[in-house]
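# Summary of structural features
Spelled out from the first residue to the last, the chains are:
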Amino acid sequence: MTATSSRIEFTRRSLLAGVGGTAAATTLGFRPTFGQTTSTSDAYPGIEGEEIELLIWDGGAFVDNMMASVQEKWRAVGGGTLKFRKVPFGDLDRAVRSANQGGTGPDVFLANAPNVITYKSLNLIEPVTDMFSKEDLEDFFPVVRLGSEVDGEFYGPSTNENGQALYYDRKLTERYGIKLPETLADAWTWDKWLEAFKEIQDGERKRRGTDQFWALYPNMGNTGLFFSGIYPRSAGARDSNAWKMVSDDGRTASGYLDAPEAIAGMQLIQDIHHKHGIAPVSTQKDMFYNDQVGFFCGVPLYFAPIMKARPDIDLATAPVPYIKTPIIHTGSFAWLVNRQTAKMQEAKLFVKFMGSAEGNDVVARGWTSVPIRKSMIAARPEFQSKPMSLFVDSVSEWSVPRPRIPGYSELDTAWIRLEADIVSGGDVKALAADAAKRLDAQLRRYS
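Overview of the structure.

## Brief notes about the overall build of the protein
Secondary structure assignment for the protein yields 20 helices and 13 strands. Counting only residues that meet the buried cut, the protein has 57% of its 447 residues in that class. Counted over contacts in the protein with a minimum sequence separation of 6, partners at least 24 positions apart contribute 78%. Per element, the accessible surface of the protein, about 18,200 Å² overall, is 49% carbon and sulfur.

In structure tokens:
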């Protein structure tokens, strides 16, 4: 097992143990109803059916259809009309921070999960600890709690969990006689992965007669801490300065973001694009769909598009490479109650509903992602076998929240710029030091 094995409290196999009857029923085509027959008075005492306004990400028809399903399920337990105030994702953090200025704010925020601690520090959100029993909290994947627990209070469940893994075509690796790890217990460090990446890229370029094939697309074109932020964190031991990225009080990046081990992780980002040349500098998101790269780091959401674009692929997954400490980021959006709402009880009951299995099911399925509760895995057969089971394992064993600091948005913005400069070929040590210095000035506002 990996170096973190002693901290593992459960695995996908243990999640399924004890719910074999449910799992068996699922394989026969039955889907559990997750308590939908429970009476409203028992599950949501005090519900009034009032209209609730939600501030949400404007994700177009995809999110609109998902929220229409949420509305239907919410009505079924006695809830009222859901009214939506929609903003682009890039404006979501600013919209939450200013929601109560100049008028009545929304009752519930659907916010970027890493910002929970930010909104708590700004006194914008109300804890919902009283809405969830000890059994509820224990049923959540640990990262769900870790992302929303601040000073002993729980502020709201996430919408889904993702996990990360490398997607690839097994026919490609079999062509070169390379057997890759398929479980976390057998995961490879970056040094070993680089050997395989180079062999496959060299072989494929020769076979295809072109240099327009690369071994790796590191993050499917997504910038920000979710994917590439694991490089500097992975380079350090757990709880080292590099692993933390920012000081415990969230006010200092110098000595953390630019720690020697973190710089080694950033240098690897640059090297895979330039020195090793196994990843394209381009950010064309369709490269794996077009068979121009051998591997990419993705989340469960990409499974269906891959199969549609490449129906003949023998799709497989492998654990994400790591430098010293295995790590992935997860967490998506979070349901949070506006502390200024005039409908506090109704808003808290809605968040309770969205943290239930019946409420979370429609959202997790909508994002084709790992649900937030361990008990729900038995109703998702796609996550009980390869290649998708690796995502559940990664959530269970390797997953940690992105740095839990009030200035998360500032950190993420600084990282996006730093990563772009690194990939462009600048001096990594100098770039990291400059980014840390600029970030220090921004984080001091949370003192």
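## Let's talk about the sheet that holds strand 8 (residues 214–217)
Strand order in this open sheet of four strands is 8-9-7-10, and the pairing throughout is mixed. The open sheet has two free edges, formed respectively by strand 8 and strand 10 (315–318), since each of these has just one partner strand. Each neighbouring strand pair of the sheet contributes to a mean axis angle of 25°, computed without reference to strand direction. Bridge count between strand 8 and strand 9 (residues 293–298): three bridges; the pairing is parallel. The partner of Trp 214 across the bridge, within strand 9, is Val 293.

## Some thoughts on the pairing of strand 12 (residues 333–338)
The buried count for strand 12 comes to six of six residues, which makes it a mostly enclosed element. Pairing analysis gives five bridges linking strand 3 (residues 108–112) to strand 12, with the strands arranged antiparallel. Note on strand 12: the bridge partner recorded for Ala 111 is Ala 334. Of the pairings in the sheet, the one linking strand 4 (residues 125–126) to strand 12 comprises two bridges and is antiparallel in character.

## Brief notes about helix 17 (residues 357–366)
The element helix 17 is extensively covered by neighbouring structure, given that nine of its ten residues are classed as buried. The complete set of buried residues in helix 17 reads Ala 357, Glu 358, Gly 359, Asn 360, Asp 361, Val 362, Val 363, Ala 364 and Arg 365. Taken together, the buried residues of helix 17 touch helix 4 (61–76), strand 12 and helix 16 (344–354). Once helix 17 ends, the next one or two residues include Thr 368, with phi positive near 40°.

## Observations concerning the pattern of salt bridges
Within the structure shown, the criterion is met by 26 salt bridges. For the salt bridge of Arg 97 with Asp 93, the shortest nitrogen-to-oxygen distance reads 3.1 Å. With Arg 97 and Asp 93 both in helix 5 (residues 89–97) and four residues apart, the pair spans about one turn of that helix. For Asp 93, a relative accessible area of 17% gives the class buried. Here Glu 182 ties to Lys 386 by a salt bridge, and the two come within 2.8 Å at their closest N and O atoms. Of this pair, Glu 182 sits in the loop between helix 9 (170–175) and helix 10 (190–208) while Lys 386 sits in the loop between helix 17 and helix 18 (389–397), and the two are 204 residues apart along the sequence. Classification of Glu 182 by relative accessible area gives buried; the value is 17%. Residue classification places Lys 386 among the exposed positions, given a relative accessible area of 56%.

## Here's the deal with the nonpolar core
Leu 257, Trp 335 and Phe 350 are the most contacted members of the largest nonpolar core, which totals 138 residues. Counting residues per element, this core draws most heavily on helix 19 (residues 408–424), which supplies seven residues.

## Description of the packing of helix 4 against helix 16
Remark: helix 4 packs on helix 16, axes separated minimally by 11 Å, with the N-to-C direction vectors making an angle of 110°. In terms of orientation, helix 4 and helix 16 fall into the roughly perpendicular class. Here the hand of the crossing between helix 4 and helix 16 comes out right-handed. For the pair helix 4 and helix 16, the contacting residues are Val 70, Lys 73 and Trp 74 in the first and Glu 346, Leu 349, Phe 350, Phe 353 and Met 354 in the second. Class assignment of the residues belonging to the contact of helix 4 with helix 16 gives a composition of six nonpolar, no polar and two charged.

## Regarding the packing of aromatic side chains
Centre-to-centre distance and the angle between the planes together describe a pair of aromatic rings. If you walk through the whole model with that rule in mind, you get 25 aromatic pairs. When the ring of Phe 132 is compared with that of Phe 154, the centres are 5.5 Å apart and the planes differ by 90°; the resulting orientation is edge-to-face. Of this pair, Phe 132 sits in the loop between strand 4 and helix 7 (134–139) while Phe 154 sits in strand 6 (residues 153–154), and the two are 22 residues apart along the sequence. Arranged with centres 5.3 Å apart and planes meeting at 70°, the rings of Phe 197 and Phe 295 form a pair that is edge-to-face. With a gap of 98 residues between them, Phe 197 in helix 10 and Phe 295 in strand 9 connect regions that are remote in the sequence.

## Observations concerning the sheet that holds strand 4
Read across the open sheet, the five strands follow the order 2-1-3-12-4; overall the sheet is mixed. Two strands bound the open sheet, and with one partner strand each, they are strand 2 (82–87) and strand 4. Across six bridges, the pairing between strand 1 (residues 52–57) and strand 2 is parallel. Bridge pairing in strand 2 links Trp 57 to Val 87. In this fold helix 16 packs onto strand 1, strand 2, strand 3, strand 4 and strand 12, with an angle of close to 165° to the strand it touches most, strand 12.

## As for unusual backbone geometry
Omega for the bond connecting Lys 386 with Pro 387 falls within 30 degrees of zero, at 5°, which places this linkage in the cis form. Positive phi, normally seen in glycine, also occurs at Asp 239, with a value near 75°. Positive phi, close to 40°, is recorded for Thr 368, a residue that is not glycine. Within the element layout of this structure, Thr 368 appears in the loop between helix 17 and helix 18. For Thr 368, a relative accessible area of 32% corresponds to the partly exposed category.

Analysis parameters
- Residues numbered from 1 in each chain as written.
- Predicted model: local features only at pLDDT ≥ 70, side-chain atom pairs only at ≥ 80, totals over all residues.
- Heavy atoms only, no water.
- Helix = DSSP H or I, 4+ residues; strand = E, 2+ residues; numbered from the N terminus.
- Buried < 20%, exposed > 50% of the residue type's maximum accessible area, 1.4 Å probe, protein only.
- Contact = heavy atoms within 4.5 Å.
- Areas by Shrake-Rupley, 256 points an atom, 1.4 Å probe, with all protein chains shown as cover.
- Pairing = 2+ DSSP bridges.
- Axes fitted to C-alpha atoms, helices over the stretch in contact; angles between N-to-C directions.
- Salt bridge = Lys/Arg side-chain N within 4 Å of Asp/Glu carboxyl O.
- Core = buried A, V, L, I, M, F, W, Y, C linked by side-chain atoms within 4.5 Å.
- Parallel < 35°, antiparallel > 145°, perpendicular 65-115°, else oblique.
- Left-handed = near helix turned anticlockwise from the far one by under 90°.
- Nonpolar A, V, L, I, M, F, W, Y, C, P; charged D, E, K, R; others polar.
- Phe/Tyr/Trp six-rings, centres within 6.5 Å; stacked < 30°, edge-to-face > 60°.

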